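The chain contents come next:
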Amino acid sequence: MVVELPAGHYLENFRYLLEFVTGQYSSLLQEQELSYLNEFQSLPLQAQMLYVRLIQRKGSLFRCDKIHYEEIDDLQQVICQLTDAGFLDDGGDVHVREVLPLLTKRELLGLPEAIGFMPSLKKDVILDSLADIGTIATGLCIIRPLRLETLQFYKLLFFGNLEQDFTEFVLNDLGVTRYEQYPLQPESAFFENRWMVEKTMELYIFDELSHEVIAEGDQAAMAEFVQSLPSRCNNERLSRRHDRIVNRIARQYEWLCNFAETLSLYVTSHLPPSRERRARILQKEAKLGECIEQCMDMLQTPENDQEREIATRLLHRLRKKINTDGLIPDLDMEMLELKPIVKHVSVEKRSGVDVEESACDWFRQLGFDVIYVENCLIPGLFGLAFWDIIFAPVKSVFFNPFQRGPSDMFTPAFYRAREDLIVNRLHELEDQQYLRNLVSDRFEKKYQIANYFVQWTKLSRDLLDRFLCAVSNDALLSVFKRLLMDPGSNRSVFPDLVVFHEGGFKLVEVKGPSDRLQDNQRRWLHHFSMAGIPAEVVNISWN
């Protein structure tokens, strides 16, 4: 059913965001942010509407002849009101190359500067040909929304990030995405002080710049970027954001075989896979003593299962190749040596049918009941069983109404802040009937509410009940515990299918002709084997 949104809903959402931020962070706002709100509220109603319409559209320049909104009676008058108040200008200082893309291909070919251009040319080619011309009279009436940096500041304070935007309001208003209800109190604000906000904004700018400098491929520009990168701070959230940028630049240096710069960057990062990459480069550079030292550090204090596995593999190879004089201890190779059960299946290739559906058809022909769960079944059970803990009112992790979980969900802080609740829940879930009742109750009461782990389109009450009746309770709890240890890394790459048969079930990971198991998938298959959960890999080939 199509939901009809009330007229002016977008303006109400915009006002809500501004007023929420000023209420939550009044002590952090400076004069320019406060004046933004006050001056916006002083605008005539239709001027407010047009400004909000424009800032929610793509692009920074707009043609006046392409702006048509029913709620705007006199467009030119409203443009003048916004211009006089400092919320719009005519973009008079922008280069012609920024204006030309607003023209259609036909309009471009009609310019005097395009005389002689072939009509068959693509628009991008025409734009490239005209880009270096200093001045071109396009005849367009252009407007440009202003004060967008201040608006970005408000959005960062509201969402806690710059990935979310006003689309969240629309999806919520339409009922497409519903969110959990949790208290939003001033003491739960995401940002503690102005310094944190400015530092976060600064790192967002550097994050964007890092992609640009990598795309340029100029090592001199990369070196200049590294020199300008702000130093790492002790705040956990900010340091993780900083280290992601460092790892990205270091990885680019590694691809360019500039290992000296790569190592100097990775050593400053505390975020995986920095230690793993350092160890591999040290091995490649034949700096075996340093490589062993790095691997031993990873083995003794692993950040995650991947670090432990990589360290074990590298040390095992080194001990086989060279005399390490007892520097490398005995290694547990069980996890690395265990091979998953693999079946090779040849099926007829049909147009528009992917390998997972082909595998489903093959199992059905054998008389099995198979469901394509696409990484949703076990994470969904986890999300339902720990729902109240995921949304527990921990300080500073819920700060806007559009969150699928707490801001620390995929960091070590999640477990630390809720350890007592988690331990108690795991004890309660030892009662299999309690687990079934809890999942059933959560499914009914929370249906269609957003949760990082629960993909409602792939779940049904029948599927959940059936799986819970078939799986060992102890085995499922072992899976939950592994998820809790590193939810960021371990919530993905679960097997594609669940195949039910008389007396039980099995999980199946499907691989196509050119596909292979990821390391994370191999680790989960190893865990399933140790826990007694039947699982296998089906390799599909086309006949």
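Everything discussed here concerns the structure shown above.
No experiment lies behind these values; they were computed from the predicted model shown. (Residues numbered from 1 in each chain as written. Predicted model: local features only at pLDDT ≥ 70, side-chain atom pairs only at ≥ 80, totals over all residues. Heavy atoms only, no water.)

Draft legend 1. Just the packing of aromatic side chains, in detail. Summed over all chains, the structure comprises 43 aromatic pairs. Relative to Phe159, the ring of Phe158 has its centre 4.8 Å away and its plane inclined at 90 degrees; by these criteria the two rings are edge-to-face. Taken individually, Phe158 and Phe159 each receive the classification buried, so the pair is uniform in this respect. In this structure, Arg466 packs its charged tip against the face of Phe500, placed 4.2 Å from the ring centre. (Phe/Tyr/Trp six-rings, centres within 6.5 Å; stacked < 30°, edge-to-face > 60°. Buried < 20%, exposed > 50% of the residue type's maximum accessible area, 1.4 Å probe, protein only. Lys NZ or Arg CZ within 6 Å of the ring centre and 35° of its normal.)

Draft legend 2. Quick peek at the side chain of Arg482. Considering the arrangement of structural elements, one finds Arg482 in helix α25 (residues 473-485). When its relative accessible area of 10% is taken as the criterion, Arg482 is described as buried. (Helix = DSSP H or I, 4+ residues; strand = E, 2+ residues; numbered from the N terminus.)

Draft legend 3. The arrangement of the packing of helix α2 (residues 31-41) against helix α8 (residues 148-159) in detail. At their nearest, the axes of α2 and α8 sit 10 Å apart, and the two run at 95 degrees to each other. When the interaxial angle is binned, α2 and α8 end up roughly perpendicular. Within the contact between the two elements, α2 uses Gln32, Glu33, Leu34, Tyr36 and Leu37 and α8 uses Thr150, Leu151, Phe153 and Tyr154. Class assignment for the residues of the contact of α2 with α8 results in 6 nonpolar, 2 polar and 1 charged. (Axes fitted to C-alpha atoms, helices over the stretch in contact; angles between N-to-C directions. Parallel < 35°, antiparallel > 145°, perpendicular 65-115°, else oblique. Contact = heavy atoms within 4.5 Å. Nonpolar A, V, L, I, M, F, W, Y, C, P; charged D, E, K, R; others polar.)

Draft legend 4. Local environment of the pattern of salt bridges. Counting across every chain of the model gives 39 salt bridges. Its salt-bridge partner being Arg523, residue Glu309 comes within 3.0 Å of it at the nearest N-O pair. Of this pair, Glu309 sits in helix α16 (residues 305-321) while Arg523 sits in helix α27 (residues 519-531), and the two are 214 residues apart along the sequence. As far as burial versus exposure is concerned, Glu309 and Arg523 are alike and both buried. Note that Arg466 and Asp369 form a salt bridge whose closest N and O atoms lie 2.4 Å from each other. Separated by 97 residues along the polypeptide, Arg466 in helix α24 (residues 461-470) and Asp369 in strand β5 (residues 369-372) bring together distant segments of the chain. Overall, Arg466 belongs to the partly exposed group, its relative accessible area being 32%. One connected set of salt bridges, linked through shared partners, spans Asp388, Arg425, Glu428, Asp441, Arg442 and Lys445. (Salt bridge = Lys/Arg side-chain N within 4 Å of Asp/Glu carboxyl O.)

Draft legend 5. Broad picture of helix α19 (residues 377-385). Among the 9 residues of α19, 9 are classified as buried, and the element is accordingly described as predominantly covered. Leu377, Ile378, Pro379, Gly380, Leu381, Phe382, Gly383, Leu384 and Ala385 are the residues of α19 that are buried.

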